[in-house]
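In case you want the letters, here they are:
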Amino acid sequence: MQLKDSYDRTIDYVRIAVTDRCNLRCFYCMPLEGIQYEPKAHLLTYEEITRLLAVLGNIGFRKVRFTGGEPFLRKDFIKLLESTHGLNKYDAIHITSNGTLLEKYIPKLKELGINKINLSLDSLDAERFKKITRRNDFAKVIKVLHRLMDEGFELKVNAVVMFGINTQDILPLVQFAQNHPVNIRFIEEMPFNGGYKENIQIFKATDIYRIIKNEYPSLSTQTSKHGETATNYIINGFKGDIGIIPAFSRTFCNTCNRLRITAKGEIKTCLYDSGVFSIRDFMRSGVSDEQLTAKFIELVKLKPKNGFEAEKHKKNALGREESMSSIGG
Ligand code: SAM
Ligand code: SF4
């Protein structure tokens, strides 16, 4: 089965925030004092998440990404990976992590066949990393980055580019891909930072492209995979490659294939909507799997044409209270 939305897009990818808690304080994501975390009872349980994934697997979902908050911060996260693996419904089980707590789980991830990780790293400069994340974990993240590469993981490095903060990191990060088999992805900053920063000046994808192209004229576009938000590029002689994600400019919405479930079980049909339905409350009201299935089919039809449409209909037009930590990035 293939699930289509109202714009004939095939929706087969779900991203789930397993927690809204985090051990870093990346300043584009949340304020220094953190966000108001949901009480634990408000978070989806692992049993609930596994049930949702079983239902979604039956209606054509083939890829799941666990994110957060920091997914490895939630107790027994590995159990959720095991139960998801046990469903035998997903071609791809991926994780986005800040890397600080990941290293000891590498053997288990390999055992489960989970070999694709997105690691967040906005700078290769220890001081700037500290300034951005407000924590001292640079060495840990670099270590895990190398371990993952050595162990043969397919690795993407996510770097949010912030005007006046880390644009000087663009070229060193690009250079890292010269000798390492990684996909370095530059992401436009979005205004989901827990209400802490107003009026962000966006460093646009087109500006990122220009900086890289200027230094590496052989930079050339690769064909994108189904649903990919990044435009990918190769550079002659490089082991790795480069991606640029126009997360704020939103030029990729016409090929969007995703549904999001926030830590407290809100369905987001678009990153820029304010949550359209509490699947947690629906499940906790005692519905059957058939009712859940019908609800997902209905919700997917609500998916807006693009992120600008979604934003127009947002309950809170600015949405500044939201943090990527609870949305799930
Ligand atoms: N804690 C994990 C991590 O940092 O990888 C997973 C959750 S984090 C919210 C997921 C992704 O969202 C990260 O790559 C992060 O850089 C990105 N992100 C967070 N806030 C963002 C923002 N305001 N604009 C763009 N990307 C953001
Ligand atoms: Fe934590 Fe990830 Fe947000 Fe950074 S981006 S504060 S690591 S959830």
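My aim in this report is to walk through the structure given alongside it, one point at a time. No experiment lies behind these values; they were computed from the predicted model shown.

## Points about the sheet that holds strand E12 (residues 277-278)
Okay, step 1: One open sheet holds the 12 strands; their spatial order is E7-E8-E9-E6-E5-E4-E3-E2-E1-E10-E11-E12, and the pairing between them is mixed. A strand with exactly one partner marks an edge of an open sheet, and here the two such strands are strand E7 (220-221) and E12.
Okay, step 2: Of the pairings in the sheet, the one linking strand E4 (residues 116-120) to strand E5 (residues 154-161) comprises five bridges and is parallel in character. Across the sheet, Ser-120 pairs through a bridge with Asn-158, a residue of E5.
Okay, step 3: Each of E5, strand E6 (182-188) and strand E9 (241-245) is contacted by helix H6 (residues 170-179), which is oriented at about 155° to E6, the strand it contacts most.

## A short note on the packing of aromatic side chains
Okay, step 1: All told, the structure shown has nine aromatic pairs when counted by the stated rule.
Okay, step 2: Consider the rings of Tyr-209 and Tyr-233, whose centres lie 5.5 Å apart with planes at 45°: the pair is tilted. On the criterion of sequence distance, the pair formed by Tyr-209 in helix H7 (residues 205-215) and Tyr-233 in strand E8 (residues 231-234) is long-range, its members being 24 residues apart.
Okay, step 3: Given the relative accessible area of 9%, Tyr-233 is considered buried.
Okay, step 4: One aromatic cluster is present, formed by Phe-66, Phe-72, Phe-77 and Tyr-105 through successive ring pairs.
Okay, step 5: Positioned over the ring face of Phe-248 is Arg-250, at 5.2 Å from the centre of the ring.
Okay, step 6: The side chain of Arg-250 reaches across the aromatic face of Phe-308, ending 4.0 Å from its centre.

## Describing the packing of H6 against H7
Okay, step 1: Where H6 contacts H7, the two axes come as close as 10 Å, and the packing angle between them is 60°. Relative to H7, the element H6 lies oblique. As for the relative orientation of H6 and H7, their crossing is right-handed in sense. Across from Ile-170, Leu-171 and Val-174 in H6, the residues of H7 making contact are Ile-208, Ile-211, Ile-212 and Glu-215.

## Quick notes on the site of ligand 1
Okay, step 1: Around ligand 1 lies a shell of 18 residues, among which Tyr-28, Gly-69, Ser-120, Met-190 and Met-324 are the nearest.
Okay, step 2: One of the backbone N or O atoms of Tyr-28 is found 2.8 Å from a nitrogen atom in ligand 1.
Okay, step 3: Out of a free accessible area of 540 Å², ligand 1 has 96% covered by protein chains.
Okay, step 4: Mapped onto the shell around ligand 1, the elements with two or more residues apiece are strand E3 (92-97) and E5.
Okay, step 5: Here the shell around ligand 1 is composed, by residue class, of six nonpolar, nine polar and three charged.

## Comments concerning the environment of Pro-246
Okay, step 1: Within the secondary structure, Pro-246 sits in the loop between E9 and strand E10 (258-261).
Okay, step 2: For the pair Pro-246 and Glu-188, spaced 58 residues apart in sequence, the C-alpha to C-alpha distance is 5.5 Å.
Okay, step 3: When residues no more than four places from it in sequence are discounted, the contact partners of Pro-246 are Glu-188, Ala-205, Thr-229, Thr-251 and Phe-252.

Criteria and thresholds
- Residues numbered from 1 in each chain as written.
- Chains lettered and ligands numbered in written order.
- Predicted model: local features only at pLDDT ≥ 70, side-chain atom pairs only at ≥ 80, totals over all residues.
- Heavy atoms only, no water.
- Pairing = 2+ DSSP bridges.
- Helix = DSSP H or I, 4+ residues; strand = E, 2+ residues; numbered from the N terminus.
- Contact = heavy atoms within 4.5 Å.
- Axes fitted to C-alpha atoms, helices over the stretch in contact; angles between N-to-C directions.
- Phe/Tyr/Trp six-rings, centres within 6.5 Å; stacked < 30°, edge-to-face > 60°.
- Buried < 20%, exposed > 50% of the residue type's maximum accessible area, 1.4 Å probe, protein only.
- Lys NZ or Arg CZ within 6 Å of the ring centre and 35° of its normal.
- Parallel < 35°, antiparallel > 145°, perpendicular 65-115°, else oblique.
- Left-handed = near helix turned anticlockwise from the far one by under 90°.
- Near = heavy atom within 4 Å.
- Polar contact = N/O pair within 3.5 Å; in protein donor to acceptor, adjacent residues only side chain to side chain.
- Areas by Shrake-Rupley, 256 points an atom, 1.4 Å probe, with all protein chains shown as cover.
- Nonpolar A, V, L, I, M, F, W, Y, C, P; charged D, E, K, R; others polar.

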